[in-house]
Amino acid sequence: MNKDIASVPSLSKRRLKLWIRLLRLTRQSESSLREFLRVNHGTTLPRFDVLAALYRRRDGVSMSELSRMLLVSNGNATAVVDRLEADGFVRRVTAENDRRTIIVGLTPAGLARFEGLAAEHEAEVDRLFDRLTEAEIDTMTAILKRMGETP
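All of the points below concern the structure found in this document.

On to the overall build of the protein chain, then. Along the backbone of the protein chain there are seven helices and three strands. A principal-axis box enclosing the C-alpha atoms of the protein chain has dimensions of 75 × 35 × 25 Å. Looking at the 151 residues of the protein chain, the share that counts as buried comes to 26%. By sequence separation, contacts in the protein chain at least 24 residues apart represent 51% of the contacts at least 6 residues apart.

Contact geometry of helix α4 (residues 63–70) with helix α5 (residues 74–86) gives a least axis separation of 9 Å together with a crossing angle of 105°. In terms of their interaxial angle, α4 and α5 are classed as roughly perpendicular. Contacts between α4 and α5 involve Met-63, Ser-64, Leu-66 and Ser-67 from the first element and Asn-74, Ala-77, Thr-78 and Val-81 from the second. Among the residues forming the contact of α4 with α5, the class breakdown is four nonpolar, four polar and no charged.

On to the packing of aromatic side chains, then. For the coordinates displayed, the defined rule picks out two aromatic pairs. Each ring, one from Phe-48 and one from Phe-114, has its centre 5.4 Å from the other, and the planes form 40°; the classification is tilted. One end of the pair, Phe-48, is in helix α3 (residues 45–56); the other, Phe-114, is in helix α6 (residues 108–128), and 66 residues separate them in sequence. Considered together, Phe-48 and Phe-114 belong to a single accessibility category, that of buried residues. Seen from their ring centres, Tyr-55 and Phe-114 are 4.7 Å apart, and the 40° between their planes marks the pair as tilted.

What follows is about the pairing of strand β3 (residues 102–106). A large share of β3 lies buried, amounting to four of its five residues. Relative to β3, strand β1 (residues 61–62) is paired through two bridges, and the arrangement is antiparallel. What sits directly across from Ser-62, in β3, is Ile-103. Of the pairings in the sheet, the one linking strand β2 (residues 90–94) to β3 comprises five bridges and is antiparallel in character. Looking at β3, one finds that Arg-91 is bridged to Gly-105.

Here we take up the packing of α3 against α6. The geometry of α3 relative to α6 is characterised by a closest axis approach of 10 Å and an angle of 110° between their N-to-C directions. One way to sum up the angle between α3 and α6 is to call them roughly perpendicular. Along this stretch, α3 crosses α6, giving a crossing that reads as left-handed. In contact with Phe-48, Leu-51, Ala-52 and Tyr-55 of α3, α6 contributes Gly-110, Leu-111, Arg-113, Phe-114, Glu-115, Leu-117, Ala-118 and His-121. Taken together, the residues that form the contact of α3 with α6 break down as eight nonpolar, two polar and two charged.

This part is about the layout of surface pockets. Volume-wise, the largest pocket comes out at about 360 Å³. Surrounding the largest pocket, Leu-18, Trp-19, Leu-22, Leu-25, Leu-128, Phe-129, Arg-131, Leu-132, Met-140, Ile-143, Leu-144 and Met-147 form its lining. Secondary-structure elements contributing two or more residues to the lining of the largest pocket are α2 (11–41) and α7 (134–148). Of the residues assigned to the lining of the largest pocket, the class counts are 11 nonpolar, no polar and one charged. In this structure, the second largest pocket occupies an estimated 250 Å³ of space. Within the residue set of the lining of the second largest pocket, elements represented by two or more residues are α2 and α7. Ranked by residues supplied to the lining of the second largest pocket, first place goes to α2 with six residues. Of the residues belonging to the lining of the second largest pocket, the class tally is three nonpolar, no polar and five charged.

The rules we used
Residues numbered from 1 in each chain as written. Predicted model: local features only at pLDDT ≥ 70, side-chain atom pairs only at ≥ 80, totals over all residues. Heavy atoms only, no water. Helix = DSSP H or I, 4+ residues; strand = E, 2+ residues; numbered from the N terminus. Buried < 20%, exposed > 50% of the residue type's maximum accessible area, 1.4 Å probe, protein only. Contact = heavy atoms within 4.5 Å. Axes fitted to C-alpha atoms, helices over the stretch in contact; angles between N-to-C directions. Parallel < 35°, antiparallel > 145°, perpendicular 65-115°, else oblique. Nonpolar A, V, L, I, M, F, W, Y, C, P; charged D, E, K, R; others polar. Phe/Tyr/Trp six-rings, centres within 6.5 Å; stacked < 30°, edge-to-face > 60°. Pairing = 2+ DSSP bridges. Left-handed = near helix turned anticlockwise from the far one by under 90°. 1 Å grid on protein atoms, 1.4 Å probe; cavity = no way out; pocket = protein on both sides within 12 Å on 5 of 7 lines; lining within 4 Å. Points joined across faces, edges and corners; volume = space filled by probe spheres on them.

Fair warning: the whole summary comes from geometry, so function is off the table for now.
Printed below as a string of structure tokens:
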């Protein structure tokens, strides 16, 4: 057998290495963003994520829907919402059509807080990925979209 061919990792091993690189990059980027939000804005990534979800749904969402949007447990979402409500950034109201359902939404202060954080967050993500060219971003985006498609 040719030594050069034998030394090339199998496609399966290469895919595994790619997965590990993607996971490492994701963890490093997330860690950097967590630290950025903590140090520069005195907040956490979960708080930012809740504000972002509520920003996208300005009419408010149920706590269950918020948990599904964030891919977290109801308990985790509730704990974050409790703190945001105490800070005046979100409000809870009872749903008109079902008194058992609580709808959570941004307050004007929460909207202003998120808009300021979002601009800073975008700039930090831009800094994290500033070594990529436009063409590389387009290529990576296309690849990741293809990976996310259901077979």
